[in-house]
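What the coordinates show
Below are the chains, spelled out letter by letter.
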Amino acid sequence: TSDARAEFLKELSHRLTPSLSFYTLSLLTAIIIAAAILLDQPALYILAALVAPFLSPAIGLSLAAAVGSVRFFLRSLAAFAIGSLVVFAIGCAAGWVSTRLAPASYSIAFDHARFNWGDFVLLSAGIILSAYMLIRSRTSKPLVTSVALVYELYLPIGVAGFGLTGSVPGLWPDALLVFAIHLAWCALLGTLTMAVMGLRPGNVFG
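What comes next concerns the included structure. What you see is a predicted model, and the numbers here were worked out from it, not measured in a lab.

1. Things to note about the nonpolar core
Of all hydrophobic cores here, the largest spans 59 residues; its most connected members are L55, L63 and L199. For this core, the leading source of residues is helix α8 (residues 143-165), giving nine residues. Each residue touching L55, except ones within four places of it in the same chain, is listed here: F22, F80, S146, L149, V150, L153 and Y154.

And the structure:
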């Protein structure tokens with residue numbers, strides 16, 4: 001019924017509304033990403049993805065588009081933009097620090113500044129499973145699948161900030177473009193997944 005659908009969407013949007021911990025964990029994640037780039041340590045990149053918060057705003061973009069809620073779309077976009085800007089700013093700070101250090105290769109950072117199909121597949125699996133599990137479960141959040149979203153969204157924007165202020169060519173604006181493509185694909189594929197699962201748009205925005 002329409003009442004049941006409205007109640008379900010209300011509960012779903014509540015789960016996708018970030019709390020204060022989203023921003024604090026985004027800050028912690030940003031610091032770890034900065035350390036990972038500076039030290040060129042793959043384990044720290046993985047740690048950053050594990051420590052990161054549930055990327056509810058990124059999935060919220062898909063939900064808002066699927067059901068046609070402009071207000072929730074803008075709220076999710078604003079929340080995700082704040083989290084991404086935190087990661088970007090800390091990345092810029094790390095880039096500035098790198099100019100005071102001995103030259104290094106930062107080889108792993110380049111992996112997040114180039115488009116490759118492996119990352120695209122990981123991102124696709126992450127958003128499809130996140131949307132599926134979120135709708136199927138009435139209470140929990142798909143924290144495990146969100147790790148894939150963090151890896152493919154937060155890491156490139158952190159590398160982009162590093163490249164902007166650092167003296168390493170090839171990271172800026174390349175990583176920013178990767179981030180933009182990943183975000184657009186994440187929102188689109190998430191919307192299609194939710195539509196297939198029954199969350200059809202109720203207006204022209206959807």
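Past the structure itself, the notes keep going.
2. Remarks on the packing of aromatic side chains
The tally for this structure, following the rule as stated, stands at nine aromatic pairs. With a centroid separation of 5.3 Å and 80° between ring planes, the pair formed by F115 and W117 is classed as edge-to-face. Chaining the aromatic ring pairs together yields one cluster made of F115, W117, F120 and W185.

3. With respect to the packing of helix α5 (residues 70-98) against α8
For any two helices packed against each other, one specifies the inter-axial angle together with the distance between the axes. Contact pair α5 / α8: the axes reach a minimum separation of 6 Å and the direction vectors enclose 40°. The orientation of α5 with respect to α8, classified from their angle, is oblique. Crossing of α5 against α8: the hand is right-handed. Every residue of α8 that contacts α5 at F80, G83, S84, V87, F88, G91, C92, A94, G95, W96 and S98 is listed here: L153, Y154, I157, G158, A160, G161, F162, L164 and T165.

4. A few points about helix α7 (residues 117-136)
In this model α7 runs 28 Å from its N-terminal to its C-terminal C-alpha over 20 residues, within 8% of the 28 Å that 1.5 Å per residue would give. For α7, the elements touching its buried residues are α1 (2-15), α4 (56-67), α6 (107-111), α8 and α9 (174-196). A distance of 3.0 Å separates the backbone nitrogen of G118 from a side-chain oxygen at the start of α7, and that oxygen is part of N116.

5. Things to note about helix α2 (residues 20-39)
Here α2 is 20 residues long and its end C-alpha atoms lie 29 Å apart, about the 28 Å a rise of 1.5 Å per residue gives. If you check which residues of α2 are buried, you get F22, S26, T29, A30, I32, I33, A34, A36 and I37.

6. Things to note about the packing of α7 against α8
Contact geometry of α7 with α8 gives a least axis separation of 8 Å together with a crossing angle of 140°. Between α7 and α8, the angle is such that the two are oblique. You can see that α7 and α8 cross each other, and the crossing is left-handed. Every residue of α8 that contacts α7 at D119, L122, L123, G126, I127, L129, S130 and M133 is listed here: T145, S146, A148, L149, Y151 and E152. Its residues placed into classes, the contact of α7 with α8 shows eight nonpolar, four polar and two charged.

7. Observations concerning the pattern of salt bridges
This structure, assessed with the given rule, holds one salt bridge. The shortest N-O distance in the salt bridge between R15 and E11 comes to 2.6 Å. Highlighted residues: R15 and E11, both in helix α1, separated by four residues, approximately one helical turn.

8. As for unusual backbone geometry
W172 connects to P173 through a cis peptide bond whose omega is 0°. When you line up the elements, P173 lands in the loop between α8 and α9. Of note in the backbone geometry, D40 takes a positive phi value of approximately 55° without being a glycine. Looking at where D40 falls in the secondary structure, it is placed in the loop between α2 and α3 (42-51). At Y106, a position not held by glycine, the phi torsion is positive, near 50°. You can see Y106 is positioned in the loop between α5 and α6.

9. Describing the side chain of S124
Summarising the element assignment, S124 is placed in helix α7. You can call S124 buried: its relative accessible area is 15%. Of note is the side chain of S124, whose polar atom sits 2.8 Å from the side chain of W185. Non-local contacts of S124, meaning those with residues more than four positions away in its chain, are made with W185 and L189.

Criteria and thresholds
- Residues numbered from 1 in each chain as written.
- Predicted model: local features only at pLDDT ≥ 70, side-chain atom pairs only at ≥ 80, totals over all residues.
- Heavy atoms only, no water.
- Core = buried A, V, L, I, M, F, W, Y, C linked by side-chain atoms within 4.5 Å.
- Buried < 20%, exposed > 50% of the residue type's maximum accessible area, 1.4 Å probe, protein only.
- Helix = DSSP H or I, 4+ residues; strand = E, 2+ residues; numbered from the N terminus.
- Contact = heavy atoms within 4.5 Å.
- Phe/Tyr/Trp six-rings, centres within 6.5 Å; stacked < 30°, edge-to-face > 60°.
- Axes fitted to C-alpha atoms, helices over the stretch in contact; angles between N-to-C directions.
- Parallel < 35°, antiparallel > 145°, perpendicular 65-115°, else oblique.
- Left-handed = near helix turned anticlockwise from the far one by under 90°.
- Expected span 1.5 Å × (residues − 1).
- Polar contact = N/O pair within 3.5 Å; in protein donor to acceptor, adjacent residues only side chain to side chain.
- Nonpolar A, V, L, I, M, F, W, Y, C, P; charged D, E, K, R; others polar.
- Salt bridge = Lys/Arg side-chain N within 4 Å of Asp/Glu carboxyl O.

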